[in-house]
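So the chains spell out like this:
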Protein chains: 2
Amino acid sequence: MSNDAFVKELVDALGDVVVTDANRLASYREDRAMFCDAGTPCAVVLARETAHVSDAVRLASAHGVPIVAQGARSGLSGAANAIEGGLVVALERMDRVLEIDEDERLVVTQPGVFNADLSRAVADRGLFYPPDPSSWEFCTIGGNLATNSGGLCCVKYGVTTDYVLALEVVLASGEVLRTGRRTVKGVAGYDLTRLFVGSEGTLGIITEATLRLRPAAHRPRTLAATFDSVHDAAQGISAITRSTVIPNLLELMDATSVRAVDRLLRLGFEERVGALVLAQSDAAGVAGEEEIAQIAAHLRDAGAYDVVLAEDEAEAALLLTARRQVLTAFEAMGTTMVDDVCVPRHRIVDLVVGVEEIAVKHDVVIGVVGHAGDGNFHPSVIFDGDDPDQAARAHAAFDDIMLLGLTLGGTITGEHGVGVLKRELLAREIGPVGMSVHRAIKDALDPRGLLNPGKVL
Amino acid sequence: MSNDAFVKELVDALGDVVVTDANRLASYREDRAMFCDAGTPCAVVLARETAHVSDAVRLASAHGVPIVAQGARSGLSGAANAIEGGLVVALERMDRVLEIDEDERLVVTQPGVFNADLSRAVADRGLFYPPDPSSWEFCTIGGNLATNSGGLCCVKYGVTTDYVLALEVVLASGEVLRTGRRTVKGVAGYDLTRLFVGSEGTLGIITEATLRLRPAAHRPRTLAATFDSVHDAAQGISAITRSTVIPNLLELMDATSVRAVDRLLRLGFEERVGALVLAQSDAAGVAGEEEIAQIAAHLRDAGAYDVVLAEDEAEAALLLTARRQVLTAFEAMGTTMVDDVCVPRHRIVDLVVGVEEIAVKHDVVIGVVGHAGDGNFHPSVIFDGDDPDQAARAHAAFDDIMLLGLTLGGTITGEHGVGVLKRELLAREIGPVGMSVHRAIKDALDPRGLLNPGKVL
């Protein structure tokens, strides 16, 4: 597709925020997902303000050019992949925290701020922004909003959408919409805010967000429990989620995951480890001691052969780093396809057992890691991408994992999104009436289908 | 409007679930709001199952008959008022709790269940459904979903939408949509669930809901603080919301409210009371003692002349009953217009002072009561409805309160909804782009405009 006239008009209008150099354009092709179609854009707008986004969208719309919004391209579903000859609106330069209001406990931010930078900025004021994807150091708030990201502490504190008070959104027409409000409650009109959160850039481009904050949490107590088998570990997790204890972190790593990070970080785990459970309680004072003791008891009852409390913050931080580095460690082992299923919490054992069977059936390595307390797992198929036979088996295993999730009453994606990767399975989960309502809303807000076409729907 | 052919077909199709008796039809005309247009329906379908709703909507749609869904008609904005000659779909007989899943901490319910009945049913299993409107004994879950109801404990636990996992919705076409899922996380597709929550029956009719529950909370400690002036009380509340304490209840009653319930319930408040603050902490053990002590200290610092801890559950229950009965007590004093503004929490003082000024300006009585910890207030204009001059001044005061809320950065409705009552002010809050997006979504889901026409938009 040649869009020379469009690119010329764009450069005339926006000047040096427009990238047209071929080498630089190539670096905006795709996110971190494997095996998803991507194209080279005709131009990238490195927006610094909302007006840049609005002007670019209006021009692209006038020329019928498809538009893809990008944050840090750390997504795992291809949702941010560029369209061949289309426009990319990159939000990475809209990277300022605009306001922190301590009295109202809210932050107003541009979309290009890294999650960890925002979290640290509000922590400096004694406040807490809970959503914490494993990729927090290199994913942006805009991407978190577009996919409704979860993270490690959402088992207690909820996901991104639970923290969004208001948005500024550039619509397909280029018009600027403001949704929501700064008050903690409000029911004037439809909940447009939460319609845009998780819509993966298909309904509009988020250019500003007002996010609710919490008071700083108490320093958590951190526990690591080792098991001979992932089955026992899953039983222990189900026991905790059935109990009245609400940990602020409850993660599972199977043997493959433990060994992968052990190779990367040299942590010295013994060979016996079949599964590792990490848990935290951030309840205050005595209540926290009681909670972590109850969690430990549930895990021991399920067969943990060792339960260790982190002795200090450094040790706790090391354990969390191990968890956060699993996907990176997998990538060092080969080509990876990271799945993202979420099942009802009493089906966790069925999921991990089912994934083991899928690995055997397709003769592939699958490492299982996840936010177990939410029933949200990332089984990752690790294989030699240069071997077509292995790749075919990996794909088959990946699809089987999603279907297993659906069979267990779960979803094809707990937090990574649909993007390109899972587009064909969406209808299977939400059914024909659900699909027709999705299409009606998409058509209402983007009648010409220019916003992130080929993604989600 | 004569809809004889429609009514005949409806009776032929659904038999004795259809009400056509004129006296009974009259009782389905309106909700609890004052001064909102209402009509007498041509028929009421007392649905007992989703198929009744679906069949009735399909027939009404074929005949171009407008459709209004009703729960308990306890709403305060006219959103459930019938349309002259239209169809009412009453959900009051769909009153069964279908399933309580203790492991997954969720409840599946029909819409006609009273909030308090559902809360008690899950409490019997050691679980907790937080949203608790003051009307909980006589409002239904379906109505709560339609207006995204708040309540007393949402200052700590959030509002209705925060607890909705999945919905079954009858669309304008009569098709049955299922949104969401039973898992705690899930991002497959748009967040349709939260689009329907709070849409006041204008996008579809909710026929089933899957609601998230919490473990039972600890027994709260309850405190009552009395002040000479509502200004001081508001200062105390702002001090608490700025602090790190998160009470599970933080309510304000002004002198008019205290005297009104005192007359109704004979509680023996002294004449001096200028404002009453009720607060609770349900933190466990020592943390709860510390929290309630901190709350008491903030209120004393702000000028409370008396701070009393409830000695037992009966005393705490009496204080909460007093709070819940305020609107009923106002109704015993005359005609009432209950407003529902929500402002940023540091503007609480400006709101209560501004409302006092509005009362003086229009020479009317305004009682102020509300969920002060959320900045959500219900200033109620109390007047003689038979006196046209008083009624005109009451209306003017009511509108001034909403405009004051907007001026302070707030919203025209924190939890009661827009309905008929606030329809003309919606555009003022959300602006022309917001209105056009609302209309696009409404047209996409209800192209012929038959679902609750004349409400919200």
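So, how was this worked out
- Residues numbered from 1 in each chain as written.
- Chains lettered and ligands numbered in written order.
- Predicted model: local features only at pLDDT ≥ 70, side-chain atom pairs only at ≥ 80, totals over all residues.
- Heavy atoms only, no water.
- Helix = DSSP H or I, 4+ residues; strand = E, 2+ residues; numbered from the N terminus.
- Rg over C-alpha atoms; globule rule 2.2 N^0.38 Å.
- Contact = heavy atoms within 4.5 Å.
- Areas by Shrake-Rupley, 256 points an atom, 1.4 Å probe, with all protein chains shown as cover.
- Lys, Arg positive; Asp, Glu negative; His and termini not counted.
- Charge placed at Lys NZ, Arg CZ, Asp CG, Glu CD.
- UniProt positions renumbered as here; feature names shortened; annotations may be inferred.
- Buried < 20%, exposed > 50% of the residue type's maximum accessible area, 1.4 Å probe, protein only.
- Salt bridge = Lys/Arg side-chain N within 4 Å of Asp/Glu carboxyl O.
- Buried area = accessible area lost by both parts, 1.4 Å probe.
- Nonpolar A, V, L, I, M, F, W, Y, C, P; charged D, E, K, R; others polar.
- Pairing = 2+ DSSP bridges.

Novice: Would you explain the overall build of chain A in this entry?
Specialist: When you go through chain A residue by residue, the secondary structure sums to 15 helices and 21 strands. The C-alpha atoms of chain A give 22 Å as radius of gyration, which agrees with the globular expectation for 457 residues (23 Å, within 12%). Seen through its C-alpha atoms, chain A measures out along the principal axes to roughly 65 × 60 × 45 Å. Of the contacts made within chain A by residues no fewer than 6 positions apart, 72% connect residues no fewer than 24 positions apart. Surface exposure of chain A reaches about 16,100 Å², of which carbon and sulfur atoms provide 48%. Each charge class in chain A can be summarised by its mean position, and for the 41 positive and 64 negative side chains these summaries are 4 Å apart.

Novice: Just checking my understanding: could you explain the UniProt feature "domain: FAD-binding PCMH-type" (unreviewed entry) in chain A for this structure?
Specialist: Within this numbering scheme, the UniProt entry marks residues 37-216 of chain A as carrying the feature "domain: FAD-binding PCMH-type" (unreviewed entry). The span residues 37-216 of chain A is 22% helical and 25% strand by assignment, and the distance between its end C-alpha atoms comes to 42 Å.

Novice: Looking at this structure, how should I read the side chain of Glu 291 of chain B?
Specialist: Residues and elements named next belong to chain B. If you trace the backbone, Glu 291 turns up in helix α10 (residues 285-301). Among buried Asp, Glu, Lys and Arg side chains, Glu 291 stands out as unpaired, with Lys 156 the closest opposite charge at 5.2 Å. Apart from the residues within four sequence positions on either side, Glu 291 is in contact with Val 245, Ile 246, Ser 281 and Ala 283.

Novice: Teacher, can you tell me more about the pattern of salt bridges here?
Specialist: Two side chains carrying opposite charge are able to pair once their charged atoms lie near each other. For the structure shown, the criterion picks out 56 salt bridges over all chains. The residue Lys 8 of chain B makes a salt bridge to Asp 12 of chain B at a minimum N-O spacing of 3.0 Å. With a gap of four residues between them, Lys 8 of chain B and Asp 12 of chain B both fall in helix α1 (residues 4-14), about one helical turn apart. One salt-bridge network, in which partners are shared between bridges, spans Glu 99, Asp 101 and Arg 182 of chain A.

Novice: Any chance you could explain the interface of chain B and chain A here in plain terms?
Specialist: Much of the literature gives interface size as the accessible area that the parts lose upon coming together. Across the contact, 73 residues belong to chain B and 71 residues belong to chain A. Approximately 5,700 Å² of surface area, both sides summed, lies buried where chain B meets chain A, with 62% of it carried by carbon and sulfur atoms. Of all residues in chain B, the largest losses of buried area upon contact with chain A belong to Lys 185, Val 187 and Tyr 190 of chain B, amounting jointly to 17% of the total for that side. Counting every contact that joins chain B to chain A gives eight salt bridges. Here Glu 415 of chain B and Lys 185 of chain A are joined by a salt bridge, their closest N and O atoms 2.8 Å apart. Elements supplying a minimum of two residues to the side of chain B that touches chain A: β9 (176-180), α7 (192-196), β11 (214-215), α8 (230-242) and α15 (423-445) of chain B. Classifying every residue of the side of chain B that touches chain A gives 29 nonpolar, 26 polar and 18 charged.

Novice: Looking at this structure, I do not really get the pairing of strand β14 (residues 275-281) of chain B. What am I missing?
Specialist: Within a regular strand, side chains alternate between the sheet's two faces. Residue and element names in this part refer to chain B. For β14, the buried fraction is high: seven of the seven residues fall into the buried class. Neither face of β14 is left uncovered, since the one carrying Ala 275, Val 277, Ala 279 and Ser 281 and the one carrying Leu 276, Leu 278 and Gln 280 both have all their residues buried. Bridge count between strand β12 (residues 221-227) and β14: seven bridges; the pairing is antiparallel. Across the sheet, residue Ala 225 finds its bridge partner in β14, namely Val 277. Looking at chain direction, strand β13 (residues 249-254) and β14 are connected through six bridges and run antiparallel. Bridge pairing in β14 places Asp 254 opposite Ala 275.

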